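# Geometric and topological summary
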Amino acid sequence: MVMTGQKLKELRALHGVSQTDVAEFLGYTVKGKPNRSMIARFECDFAPINPRVSMLLDTYFSKVVNK
C-alpha cells in the first residue's frame, strides 16, 4: 500500500517525529542539512509519495521509531 500524505502526517504525530526527522532519514537535504519542505509537500498532497519512498517510510515508522 502506498502511503498517503495524510497517513504520513498522522504517523508523525502519533510517534512525535518532526518533518525534519523524516527528511533526514530519507536523505532529503539542502546544503547538507535536512530539508523538511519535501515532507510538507507530501503531507499537503502537493507531491505524490512514490512506492520506494512509501516502503522507506513504512520501515522508518515500524523499525526505526519503534526501537
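A brief structural summary. Source: prediction; values computed, not measured.

The phi torsion at Lys 31 lies on the positive side, around 55°, for a residue other than glycine. Of note, Lys 31 is situated in the loop between β1 (29-30) and β2 (33-34). Residues other than glycine seldom take positive phi values, yet Asp 45 does so here, at roughly 60°. Here Asp 45 lies in the loop between α3 (37-43) and α4 (51-64).

With that settled, consider the side chain of Glu 43. Here Glu 43 is to be found in helix α3. Within the structure, Glu 43 has its side chain in polar contact with the side chain of Arg 12 (distance 2.5 Å).

Attention shifts here to the packing of aromatic side chains. What the rule picks out here adds up to three aromatic pairs. Both rings, one in Phe 25 and one in Tyr 60, keep their centres 4.6 Å apart while their planes meet at 40°; by these two values the pair is tilted. Of the two residues, Phe 25 is situated in helix α2 (residues 19-26) and Tyr 60 in helix α4; the sequence distance between them amounts to 35 residues. In this structure Tyr 60 comes out as buried when scored by relative accessible area, which is 7%. With a centroid separation of 5.0 Å and 80° between ring planes, the pair formed by Tyr 60 and Phe 61 is classed as edge-to-face. One aromatic cluster is present, built from ring pairs that chain together Phe 25, Tyr 60 and Phe 61.

Calculation criteria
Residues numbered from 1 in each chain as written. Predicted model: local features only at pLDDT ≥ 70, side-chain atom pairs only at ≥ 80, totals over all residues. Heavy atoms only, no water. Helix = DSSP H or I, 4+ residues; strand = E, 2+ residues; numbered from the N terminus. Polar contact = N/O pair within 3.5 Å; in protein donor to acceptor, adjacent residues only side chain to side chain. Phe/Tyr/Trp six-rings, centres within 6.5 Å; stacked < 30°, edge-to-face > 60°. Buried < 20%, exposed > 50% of the residue type's maximum accessible area, 1.4 Å probe, protein only.

From the geometry alone we can't say anything about function, so treat these as descriptive.
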